[in-house]
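Observations on chain architecture
Below, each chain spelled out in residue letters.
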Amino acid sequence: MSPAKVVRTPARAVLRRLARLRFGSLRRRIALLYAGLFALVLGVVVSLAAEGLAQFGEASAARDLAANARVFDEILAARSTQMGDQAAVLAHDFGFREAVATGEEPTIASALRSLEDRVRSDQAFVLTLEGEVLAADATNLPSPEALWSRLDAGKTRGIIRSEKGLALAAAAPIEAPDLIGWLVIAQPLDRAELDRLLELAPIALTADVVEAGRQPRWLMDAPPDKVFEREAAGERFLYHTSNLAVLQDGITPRLVLRHALAESLAAYASLKGWLIALALGGVGLVLGLSWMVARSVTEPLQQLDEATRLIGEGRVVSLPVETEDEIGRLAGSFNAMVAAIEERERQIIHVGLHDGLTGLPNRKLFAEQLANMLARRRAGERMLVAYVDLDDFKMVNDTLGHPAGDALLRTVADHLREDLPDALIARLGGDEFAILIDGIDEKASLGVIADGLQRSFDRPMSIDGQHAVCRASIGIAMAPGDGEDGTTLMKHADLALYCAKHEGKGNYHFFEPALDEAARQRRQLELDLRAAIKGGGFELYFQPLYGLAEQRLTGFEALLRWNHPARGRVNPAEFITLAEETGLIIPIGEWVLREACHQASTWPEDVSVAVNVSPKQFAASGIAGTVLSALSSSGLAAHRLELEITESIFIADVDATLATLHSLRALGVKIALDDFGTGYSSLSFLRSFPFDKVKIDKSFVEGLGTNSNGHAVIRAITTLASALGMETLAEGVEDVAQFDVLEREGCQNIQGYLFSRPVPADAVAVLLRDGAGYQRELRA
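This section reports on the structure supplied with the text. (Residues numbered from 1 in each chain as written. Predicted model: local features only at pLDDT ≥ 70, side-chain atom pairs only at ≥ 80, totals over all residues. Heavy atoms only, no water.)

1. Remarks on the packing of helix H21 (residues 623-634) against helix H22 (residues 654-667)
What counts here: Interaxial angle, 0 to 180 degrees, is taken between N-to-C directions of lines fitted to C-alpha atoms, where a helix line uses only the stretch in contact. A helix here means a DSSP run of H or I that spans at least four residues, while a strand means a run of E at least two residues long, and both kinds are numbered starting from the N terminus. In these notes the angle categories are as follows: under 35 degrees is roughly parallel, over 145 is roughly antiparallel, 65 to 115 is roughly perpendicular, and the rest is oblique. It is the rotation of the near helix from the far one that decides the hand of a crossing: anticlockwise by less than a right angle makes it left-handed, clockwise makes it right-handed. The contact definition used throughout considers only heavy atoms, calling two residues in contact when any of these lie within 4.5 Å. Think of it as three bins: nonpolar holds Ala, Val, Leu, Ile, Met, Phe, Trp, Tyr, Cys and Pro, charged holds Asp, Glu, Lys and Arg, and polar takes everything else, Gly as well.
Close contact between H21 and H22 brings their axes to 9 Å; oriented N to C, the two are set at 20°. In terms of their interaxial angle, H21 and H22 are classed as roughly parallel. The handedness of the crossing between H21 and H22 is right-handed. Contacts from Ile623, Ala624, Val627 and Leu628 in H21 reach Thr660, Ser663, Leu664 and Leu667 in H22. Among the residues forming the contact of H21 with H22, the class breakdown is six nonpolar, two polar and no charged.

Below you can see the structure in the form of structure tokens.
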């Protein structure tokens, strides 16, 4: 009864609430709906209950059948045990053992007939070790050979088969004192015996003992000791099979019990009739109540349906709240929901089309507005599309923090709104902005407009009390000259921006058709660069480093060269810059490091190799592991490797940079500061880390032969480096006059065309062989 209660209780509560409503129409539909739903639920409940009763009856019958199977097994086991005990008594009798030992057949036959009478057996015989069978009646006995293997294995209970059929047997050893034979006694398992067992069962059963060869396939495949169901002749039966122990080879008997389910389920038929009668009465009751509820529901629903339809048409709807009951509260909630939906739609549209940080339109809205303005552009009018990228914005985030970067972006947006009130301004993402100015007369000066844009970014600003400088690179495309659709204009403005950034920070650049071709060539060069990385298209050249104190070549700097399959030798300044921008410098740098260490491992032990490490490669995780791997695979001693870095690696994160430098120093490699003197904070970096060497930029070397001021600069650098315990190396030495000044001012190492241009790896051995003559030539 509990399932019906669970269904009806909430239904009655709903009916009581709806009965209080006072509106009318469509009573029949609602009444039929409620009655139909209730009938459906009640039908499901009745069906589940009937099915549950059937399953309960089947489960009870299955449990009874399994219990009877266990009882049968226990009875057969008890009988075999009783027979075994009787056989054991006779087998231990001294006279019987003596008769068996001496072969007195009359005595043996008499004893066996007496045993058969006592245990109601029709077969009792002695099986000697010689394979002889001794019995009162030796006919219809099983073959001795079929019994030996089981008896030798210690089996004493089980089923045997003779010409009379299957029988329950027990065996006892005859020992005098050694084993001289076996006494076997058997009781038939015929129909009469099985019927006597069935009389003990509480349910109607049929029992059979069937050998495997005589069983149908479905019965042979059935798992033993399990109850299963099978239908035969339109009637359902439960079966249980048990594998019986055997005392004879070649037989596999099974005890099969069968029970007809119809007999067990007949007792539950009357209960199903009562359930159906209760269900029909419940349906009639619900039909009457549904008719009453229908009058008070439909009119408010009609009003709500009409209001929903009007909302779908985009019209403003408000339901009147005329009562304080559930319908009145529903009308009020509906009005509040409509207002909330309208507000959320406005917010969603704004969020989807505007930048959350600055409130400016985002890329999607800018593209839509650009397309609309292009479609409305009148003949003779021009439109300007500017693609803006803030210079050094990452440095603001890294030095002042991301909140300061966000504040800078908001300030820039405010300045643009103030300076360009009639323009469409959008933030495309990160530090990128887009500006659209329409209605530009053909005679207007585009340079003046571009200068005005540039001034909007050059305005002074303060972030968290700190003065901040903001500069921007701007790419400009004009419609209709540079494109008549938004996609083309944005693409061309982006190309112009790329050119502006390469010309220097804080510049603007107008799109030129040549930029499109340059972008295509740059993309092709990037593809060729990737192919060169995969195909091994690079080569290392080496430029010698001359030590003034040693008066010989002390090392070489590894320089990358690329022989393009179509263009020939590509200028390193061209493809290395591209590799830096695309991130390809990392795999290229790893290859250079490994190849340089491999080549240097073939040089004399007192000759080192210097390798340039780009800032992007240095900032990538695992630079120390890459260096260690290169040294290990090449076998090069760590002190023979010198890594050259520039001060630009300190810009992003000084602490992380210093930690990486110390980890490299711990490996034993040397660290050199390249291009010293060209940055704004070279001296501070010399104090931050104990470099092994300072490389004086070639710009300080070029005028040494003619400009005396250059002497003082070189003297200051060498004196400072000497005081800090660092070596110095001058780059770009091309004549003897420069060499003399550098030697006189205390520079310790020289590099330049004065000694040699960069040479391939196979020419290094020649330079090392001829290097001793350099000092003689310089002194000549």
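2. Quick word on the nonpolar core
Heads up, the rule is: Among the buried residues, those of types Ala, Val, Leu, Ile, Met, Phe, Trp, Tyr and Cys that are joined through side-chain atoms within 4.5 Å form a nonpolar core. Burial status follows relative accessibility: with a 1.4 Å probe on protein chains alone, a residue under 20% of its type maximum counts as buried, one over 50% as exposed, and anything between as partly exposed.
Core analysis: the largest hydrophobic core is formed by 71 residues, its most contacted members being Val609, Leu641, Leu643 and Ile750. Counting residues per element, this core draws most heavily on helix H19 (residues 585-600), at seven residues. With residues near it in sequence (within four places) discarded, Val609 still touches Phe542, Phe556, Ala558, Ala596, Ala600, Trp603, Leu636, Arg640, Leu641 and Glu642. One finds Phe96, Leu194, Leu198 and Leu255 within the second-largest nonpolar core, a separate group that totals 45 residues.

3. Focus: unusual backbone geometry
Of all residues except glycine, most have a negative phi; of all peptide bonds, most are trans. The omega angle of the peptide bond from Ala176 to Pro177 is -15°, so this bond is cis rather than trans. Considering the arrangement of structural elements, one finds Pro177 in the loop between strand E4 (165-175) and strand E5 (179-188). Omega for the peptide link from Ala479 to Pro480 comes to 10°, which places this bond in the cis form. On the secondary structure map, Pro480 appears in the loop between strand E15 (472-479) and helix H16 (486-503).

4. Details of the sheet that holds strand E3 (residues 157-162)
In plain terms, the rule: When DSSP locates at least two bridges between a pair of strands, those strands are taken to pair.
Strand order in the open sheet formed by five strands is E2-E1-E5-E4-E3, and the pairing between neighbours is antiparallel. A single partner strand is all that each edge strand has here, and the edge strands are strand E2 (133-135) and E3. For this sheet, the mean inter-axis angle between neighbouring strands, taken without regard to orientation, is 35°. The sheet contact formed by E4 and E5 spans nine bridges and is antiparallel. Bridge assignment links Ala170 to a residue of E5, and that residue is Ile185. Sitting on the sheet, helix H4 (residues 105-119) is in contact with strand E1 (123-128), E2 and E5, with an inclination near 140° to E1.

5. Some words on the environment of Glu231
Tracing the backbone through its elements, the reader meets Glu231 in strand E7 (residues 227-232). Using a relative accessible area of 55% as the deciding quantity, one classes Glu231 as exposed. Distance from Glu231 to Leu261, taken between C-alpha atoms, is 9.9 Å for residues 30 residues apart in sequence.

6. Focus on a negative patch on the surface
Note the following rule: Patch membership requires more than 30% relative accessible area and the absence of a salt bridge. Residues of like charge join within 9 Å; the nonpolar side chains Val, Leu, Ile, Met, Phe, Trp and Tyr join within 5 Å. Methods summary: accessible areas were calculated by the Shrake-Rupley approach with a probe of 1.4 Å, and residue burial reflects only the protein chains presented. Take a side-chain nitrogen of Lys or Arg and a carboxyl oxygen of Asp or Glu: if they are within 4 Å of each other, that pair is a salt bridge. By the counting rule applied here, Lys and Arg register as positive and Asp and Glu as negative, while His and the ends of each chain are not counted. One atom stands in for each charge, and that atom is NZ of Lys, CZ of Arg, CG of Asp or CD of Glu.
A contiguous patch of negative charge, built from Glu702, Glu734, Asp735 and Asp740, is present on the exposed surface. Among the residues examined, Asp735 registers a relative accessible area of 33% and is labelled partly exposed.

7. A look at the sheet that holds strand E12 (residues 432-441)
Taken in spatial order, the five strands make up an open sheet running E11-E12-E10-E15-E16, and their pairing is mixed. Looking along the sheet, the strands with just one partner apiece sit at the ends: strand E11 (424-429) and strand E16 (508-510). For this sheet the average axis-to-axis angle between neighbouring strands, irrespective of direction, equals 20°. Of the strand pairs in this sheet, E15 and E16 are connected by three bridges, and their pairing is parallel. Opposite Ile476, over in E16, you have Phe510 as the bridge partner. Where helix H12 (residues 363-376) meets the sheet, it contacts strand E10 (381-390), E11, E12 and E15, and its direction lies at approximately 15° from that of E12.

8. As for the packing of aromatic side chains
Stated formally: Classification of ring pairs uses Phe, Tyr and Trp, with its six-membered ring standing for Trp, and accepts pairs whose centres are within 6.5 Å; under 30 degrees between planes counts as stacked, over 60 as edge-to-face, and the remaining range as tilted.
According to the stated counting rule, one finds eleven aromatic pairs in the structure shown. On the numbers, 6.0 Å between centres and 90° between planes, the contact of Tyr508 with Phe510 is edge-to-face. Each ring, one from Phe542 and one from Trp603, has its centre 5.2 Å from the other, and the planes form 85°; the classification is edge-to-face. Taken as a pair, Phe542 in strand E17 (residues 538-547) and Trp603 in the loop between H19 and strand E20 (608-612) lie far apart in primary sequence, 61 residues in all. Take Phe542 and Trp603: they sit in the same class, and that class is buried.

9. Focus on a nonpolar patch on the surface
A cluster of nonpolar side chains, Leu40, Val44 and Leu48, forms an exposed patch at the surface whose accessible area comes to about 300 Å². Structurally, Leu48 is set in helix H2 (residues 27-91).

10. Description of the packing of helix H3 (residues 94-102) against H4
Packed helix pairs are characterised by how far apart their axes lie and by the angle those axes make with each other. Their axes nearest at 8 Å, the elements H3 and H4 cross at an angle of 135°. Classified by the angle their axes make, H3 and H4 are oblique. In the packing of H3 onto H4, the handedness of the crossing is left-handed. Judged by residue contacts, Phe96, Ala99 and Val100 of H3 engage Thr107, Ile108, Ala111 and Leu112 from H4. Along the lines of polarity and charge, the residues of the contact of H3 with H4 split into six nonpolar, one polar and no charged.

11. A closer look at the side chain of Asp674
Tracing the chain through its elements places Asp674 in strand E22 (residues 670-676). Lys695 provides the closest opposite charge to the buried, salt-bridge-free Asp674, at an N-O distance of 4.2 Å. Those residues in contact with Asp674 that sit more than four places away from it in its chain are Asn612, Glu644, Ile645, Thr646, Lys695 and Glu731.

12. Let's talk about the pattern of salt bridges
Applying the stated rule across the entire model yields 19 salt bridges. One salt bridge in this structure joins Arg161 and Glu211, with 2.8 Å as the shortest N-O distance. In this pair, Arg161 sits in strand E3 while Glu211 sits in strand E6 (residues 206-211), placing the two residues 50 residues apart along the sequence. The class for Arg161 is partly exposed, based on a relative accessible area of 33%. Salt-bridge contacts for Lys695 lead to Glu557; the nearest nitrogen and oxygen are separated by 3.2 Å. Separated by 138 residues along the polypeptide, Lys695 in strand E23 (residues 693-696) and Glu557 in strand E18 (residues 552-564) bring together distant segments of the chain. Among the residues examined, Lys695 registers a relative accessible area of 1% and is labelled buried. Given a relative accessible area of 5%, Glu557 falls into the buried group. What emerges from the salt-bridge pattern is a single network uniting Glu557, Glu644, Lys695 and Glu731.

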